[in-house]
Amino acid sequence: MRTMTYGEGIREGMRIRMMEDPNVIIFGEDVGQFGGCFGVTAGMYEEFSGERVRDTPISEGVIIGAAVGSAATGLKPIAELMFMDFSTVGMDQLVNQAAKMRYMFGGKIALPMVVRLPSGGGVRAAAQHSQSLESWFTHVPGLKVVYPSNAADAAGMMLTAIDDDNPVIFVEHKAIYAIKGEVPDVIEPIPFGKASVKKEGTDVTILTYGKQVYDALSAAETLAKDGIDAEVVDLRSLYPLDKEAISASLKKTGKIVLVSEEVKRGGYIGEIAAMIAEEFFFDLDAPIQRVGALNTPIPFSGELEDYVLPNDIDIVNTVKKLF
Amino acid sequence: MRTMTYGEGIREGMRIRMMEDPNVIIFGEDVGQFGGCFGVTAGMYEEFSGERVRDTPISEGVIIGAAVGSAATGLKPIAELMFMDFSTVGMDQLVNQAAKMRYMFGGKIALPMVVRLPSGGGVRAAAQHSQSLESWFTHVPGLKVVYPSNAADAAGMMLTAIDDDNPVIFVEHKAIYAIKGEVPDVIEPIPFGKASVKKEGTDVTILTYGKQVYDALSAAETLAKDGIDAEVVDLRSLYPLDKEAISASLKKTGKIVLVSEEVKRGGYIGEIAAMIAEEFFFDLDAPIQRVGALNTPIPFSGELEDYVLPNDIDIVNTVKKLF
Amino acid sequence: MKLSNEKILSMYDTMLKIRKFEEKAMGLFAEGEIPGFVHLYLGEEAVATGACATLEADDFITSTHRGHGHIIAKGGDMNFMMAELYGKETGYCKGKGGSMHIADRSKGILGANGIVGAGHNIAAGAGLSVKHRGTDQVVLCFFGDGSTNQSTFHEALNLSSIWKLPVVFICENNGYGISMSQERHQAIKDIADRAVAYNIPGVTVDGNDVFAVYEAVNEATKRARKNQGPTLVECKTYRHRGHFEGDPTMYRTDEELQEWLEKDPVKRMEKFMLENGILGQEDLDSKTAAIDEVIATAVKFAQDSPKPSLESAVENVYSDIVEEVKVR
Amino acid sequence: MKLSNEKILSMYDTMLKIRKFEEKAMGLFAEGEIPGFVHLYLGEEAVATGACATLEADDFITSTHRGHGHIIAKGGDMNFMMAELYGKETGYCKGKGGSMHIADRSKGILGANGIVGAGHNIAAGAGLSVKHRGTDQVVLCFFGDGSTNQSTFHEALNLSSIWKLPVVFICENNGYGISMSQERHQAIKDIADRAVAYNIPGVTVDGNDVFAVYEAVNEATKRARKNQGPTLVECKTYRHRGHFEGDPTMYRTDEELQEWLEKDPVKRMEKFMLENGILGQEDLDSKTAAIDEVIATAVKFAQDSPKPSLESAVENVYSDIVEEVKVR
Ligand SMILES: Cc1ncc(C[n+]2csc(CCOP(=O)(O)OP(=O)(O)O)c2C)c(N)n1
Ligand SMILES: Cc1ncc(C[n+]2csc(CCOP(=O)(O)OP(=O)(O)O)c2C)c(N)n1
Ligand SMILES: [Mg+2]
Ligand SMILES: [Mg+2]
């Protein structure tokens, strides 16, 4: 075991495959010498050359489009957008091209591409640099969407993402890049569609992913003091979704609180809630609760942003409503 | 009362306001002499001139962007995209500009703009011309999203949309443009956020909107033969959402089936299901069911498309699962 | 440039195939045999033909909504194409794509595309791939005049220029994007002028002259293969039919159409061959008959092919996940 | 062109305000008083100043992430600006926007913008509005060199050109988009060359010469007001600071920076005024002191202002719907 930050975990995953396969390349705005907006690719330009770690112009459309075209013709590109918010500029390439090409072509094409999207708030970057838009992508058949919460998962899931023959949306939370965690000495691919139980518990399931895993764990500590034994499940992979893990935990606890940083209305946890209400209804002994951001754009002021985003206190309060 | 098609209803709403207010203008691809891809603006170029019914180049980004800029400075633009699928090309302008400007600017701007998005499948137009993407827009604070199902609602809601000081996404289903309906002689604005009960019933609520209203009504007829008395509710406005109408119907029936043409995973009916599971849980006496499209892109072949899209039989079968 | 008779004959063959395929598709659509949207290439045959005649089998093309011509010119199989128009299981896309999404990865055909302008960016990506893998392949990117106002045109040409990607951007300027004439949708006459913005060569040629197209594109593919970067080639042409089948074309005059019908690229090619003694009238007739036969076979193949199974609807979304089927 | 001393003095005043405001913001950011991202306009003052000096009060501008200079030049209130940087209730955006989203609709300032290139399209829309309403307003659209590769640049210039919209597109070519130098992000030297693609005038000027900027933009606004359509004006300049505060600027050399520091537009203006006897050193000093005072007042205003109430977070999403507050 060794210690790495979340950002370093992502980098390590990319490095491993880049060392093995010359056709794995990275491109995006300022990913080269500058090391990327959040430093995730720092040192990779020096290690792998500017041919494999390419700075692009400010043209998100062709960043995604070039990922599609190069993945269709023999490369395994990793495209970085600086902020998930900018995926709006390249949406067509993601949604109408990357996601649909395999299907439209009758299965006769592979698109082994990864798109990295730094997401989320908490850094006072305001409405156009703080969004969590994962629900859009989970709604698009043809895309896989993963969202690791720690260094080890980030590294292992990056291997899986690069190895995958389908377009993978790799969501990262920008506020946790510096959080350290243990990483195995030999990093192995972590299969998609497998949730990870971060804390076992019997009274209520807190299901979440990304940065909110930390909030959920801290909420669970607080709740323990009040005698509520919460189970915390980190989804890790949004699609494919680990329904079995959800069902297993729910069978045990009978209560579930879903947590995500997305704007609550239309967030992916709504889909999960709907799925539960449809398929696991009779395992429920209380209403399904969701904790998301308020239904507003993300404000600039620190106080307002903190108020709008969900946190551990919101989770605690929501859980308590069920007891 | 008079009879009009759905498409004519939309047109009539636009005409009324254009006659009253010179600052209401239309632009989009081939909306002029050509009359729009689905003929909705036919005759308007002749009636109002090419200055007010403007053909644009193929540049969805600036179609939406010009709506934002002109709405911010005194016009009331109605932008038409040929297909909702092409909103991906102008997503940034919709999501990061139109939806957020009022908030980012502390409320000090009005954006009275309407974006018309012909949506849905059934016309053998395949994966890039058949999508239902309303859930994306309902997830974006700052946008209103409406989806009329008939000529009278289309006309009345178009007035409301044009009068609104906020960006309104006006979704239309392309397969029902030719369906006729009664329209009042004097068209009045229909307030957003008010659902419409299309058929009263006591055993189960079928909640839907757009083209699926017709499928739901036909399903209700079939169900009646089997002694199931279904209530059919047409949401009309997706956001703001008429929670009261949902609650009222649910209180009566205790069972609910949500229907939409969206890909099921991540569709807006998932949000509604989640809301119900959260807020109206104790009114439910059966799992909340959803009928959506399969989780695939829309295929070209007629048989496959019909299989992938939801229809009245799917509704009937789903309802029956609850009895 | 002197082309061999063999090359000329093969180009003629391609043009005729496109012409006949499209005329057949037109008829089948009118009869209600083919559903959906059909955008025909009639009148523009010289562009795809001249351009693709410069290619090797492993080169790439990206195509558009008006893609049949490109696909035939790049060697696409007309049986599979026709079956796809019919939405049959044997179609190129197993019936899932239809006219707007025909692709053949094995022949370097990266797909027709229903999104105007999407091919520009995909072509740039394919160019990056070629460059990175160090082969001497080249990418031809076909697109219409209307698409040159789309965001992707700008982004893709800029990226291809700075990275010197081996892409040839081929604008089929047929004077219209649906009802919008070029003079209304942009303020320039020659789209090749836009090359200035990316500091790459831009040339305009008579798009109804297959030799002119061949020559310009050949020059450009040579540059591309020598790592000298992209070129923008504008081919002025005209579509004989409406934007899609069913378009009443109120936005253009009969005179204009007549003028262009007189410049019909297929007839022009035939005249050239007759005048230069490459073929006699008899040869022409027998060639035509032979291609009619091929097309008839394609139609029969399509008609006789099975429809896709309903369960196939949930396949091919992912390489490894099969979506749940309908519970009925 | 002969400018009155009054005009020159007012331009100098603007430049100095921008300089002082930015220097103060730099210090406050370093002290941790201002959160988030701050992109300073230091070194580029002549562009916003010269350009906005051609405007009337009811003209419009669109701005960028590097917006402070534009907003001051268009008459924005520095108290409200500073309060916004602090995220205070009295800020231009009630603390919801921050540096990247300052706007003042009443002064025609349609907003700084965090999305590179978004202003192009909004400016085109504002131009459409002006044209449709038939006023003689004009729209200045400010943007960086990096943004000229963004999709919006292309779409907006094309639309403005064909519709002859009264928009002046002002490129602040400071040589970089973050770490990407212009020579790496595009293959052209003069961005004004891109005007060719839209058949509009394109001019390149020394962006550190406030008079050159004024003259070129004035010419362009005149054309715009006379319904002669848009112009692309490229102003070559340089940013003294990193892309944002905190950027170590490893991508550029000290020599390059030094070279440009010697071309400092504010010092150049001061020299001009001294040499032409428009102001003496004493006047300069007292002007500087006066502006220091104004800035200090702005900081005090910001510091003394209340934070926004938490409930205000759910206001202003819509004109008529207030979102639900947090259940706590
Ligand atoms: C993004 C997008 N916008 C609009 C359309 C609708 N559309 C299909 S073809 C077309 C015209 C294309 O014109 P051009 O590029 O000149 O090609 P042509 O049809 O003349 O071959 C339009 C507007 C589309 N398919 N995609
Ligand atoms: C769509 C989008 N892509 C990327 C960014 C990140 N970003 C912010 S400023 C910037 C560089 C802009 O360069 P330029 O247009 O030259 O303006 P300058 O900063 O030099 O004034 C980038 C890449 C963004 N904000 N929006
Ligand atoms: Mg055309
Ligand atoms: Mg710059």
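Described in the following lines is the structure provided in the data block. (Residues numbered from 1 in each chain as written. Chains lettered and ligands numbered in written order. Predicted model: local features only at pLDDT ≥ 70, side-chain atom pairs only at ≥ 80, totals over all residues. Heavy atoms only, no water.)

1. Considerations on the coordination of the magnesium ion (ligand 4)
All names here are of chain D.
Here comes step 1: Taken together, Asp145 (OD), Asn174 (OD1) and Tyr176 (O) make up the protein donors of the magnesium ion (ligand 4), found 2.0 to 2.1 Å from the metal.
Here comes step 2: Of note, the donors binding the magnesium ion (ligand 4) are all from one chain and are spaced D-x28-N-x1-Y. Of this pair, Asp145 sits in the loop between β2 (139-144) and α6 (151-162) while Asn174 sits in the loop between β3 (167-173) and β4 (176-177); the two residues are 29 residues apart in sequence, bridging distant segments of the chain. Assigned by exposure class, Asp145 and Asn174 land together as buried. (Donors = N, O, S within 2.8 Å, 3.2 Å for Na, K, Ca; no water. Helix = DSSP H or I, 4+ residues; strand = E, 2+ residues; numbered from the N terminus. Buried < 20%, exposed > 50% of the residue type's maximum accessible area, 1.4 Å probe, protein only.)

2. What about the interface of chain B and chain A?
Here comes step 1: Between chain B and chain A, the contact holds 49 residues from the first and 49 residues from the second.
Here comes step 2: Broken down residue by residue, the surface that chain B buries against chain A is led by B:His139, B:Arg265 and B:Glu278, which jointly contribute 19%.
Here comes step 3: Here A:Glu278 makes a salt bridge to B:Arg290, at a shortest N to O gap of 3.4 Å.
Here comes step 4: Counting across the chain B and chain A interface gives 31 residue pairs in polar contact (both at pLDDT 80 or more).
Here comes step 5: Of all the secondary-structure elements, those providing two or more residues to the side of chain B that touches chain A are α4 (91-98), α5 (101-104), α6 (134-138), β13 (256-263), α10 (268-279) and β14 (289-293) of chain B.
Here comes step 6: Examining the composition of the side of chain B that touches chain A, we find that 7 residues originate from one element, α10(B), more than from any other.
Here comes step 7: A per-class count over the side of chain B that touches chain A returns 25 nonpolar, 15 polar and 9 charged. (Contact = heavy atoms within 4.5 Å. Buried area = accessible area lost by both parts, 1.4 Å probe. Salt bridge = Lys/Arg side-chain N within 4 Å of Asp/Glu carboxyl O. Polar contact = N/O pair within 3.5 Å; in protein donor to acceptor, adjacent residues only side chain to side chain. Nonpolar A, V, L, I, M, F, W, Y, C, P; charged D, E, K, R; others polar.)

3. As for the packing of aromatic side chains
Here comes step 1: The tally for this structure, following the rule as stated, stands at 44 aromatic pairs over all chains.
Here comes step 2: For the ring pair A:Tyr147 and A:Tyr209, a centre distance of 5.2 Å and an interplane angle of 55 degrees mean the geometry is tilted. Taken as a pair, A:Tyr147 in the loop between β6 (144-146) and α7 (151-163) and A:Tyr209 in the loop between β10 (204-208) and α8 (212-225) lie far apart in primary sequence, 62 residues in all. There is no split in this pair, since A:Tyr147 and A:Tyr209 are both buried.
Here comes step 3: One Lys or Arg, B:Arg265, reaches over the ring of A:Tyr239 and ends 3.5 Å from the middle of that ring. (Phe/Tyr/Trp six-rings, centres within 6.5 Å; stacked < 30°, edge-to-face > 60°. Lys NZ or Arg CZ within 6 Å of the ring centre and 35° of its normal.)

4. Some details on the packing of helix α1 (residues 5-30) of chain C against helix α4 (residues 78-85) of chain C
All names here are of chain C.
Here comes step 1: As a packed pair, α1 and α4 sit with axes 12 Å apart at the nearest point and diverge in direction by 20 degrees. Taken together, the axes of α1 and α4 lie roughly parallel to each other. Handedness of the crossing formed by α1 with α4: right-handed. Mapping the contact onto sequence places Lys17, Phe21, Lys24, Ala25 and Leu28 in α1 and Met78, Met81, Met82 and Leu85 in α4.
Here comes step 2: Partitioning the contact of α1 with α4 into residue classes produces 7 nonpolar, no polar and 2 charged. (Axes fitted to C-alpha atoms, helices over the stretch in contact; angles between N-to-C directions. Parallel < 35°, antiparallel > 145°, perpendicular 65-115°, else oblique. Left-handed = near helix turned anticlockwise from the far one by under 90°.)

5. Examining the relation of the copies chain B and chain A
Here comes step 1: Note on the identical chains: chain B maps onto chain A by a rotation of 180 degrees and an axial translation of 0.0 Å, with an RMSD of 0.0 Å. Viewed as a symmetry operation, the transformation between the two copies matches a two-fold axis. Residues of chain B ranked by C-alpha distance from the rotation axis are headed by B:Ala274, positioned 2.5 Å from it. (Least-squares fit on C-alpha atoms with pLDDT ≥ 70 in both.)

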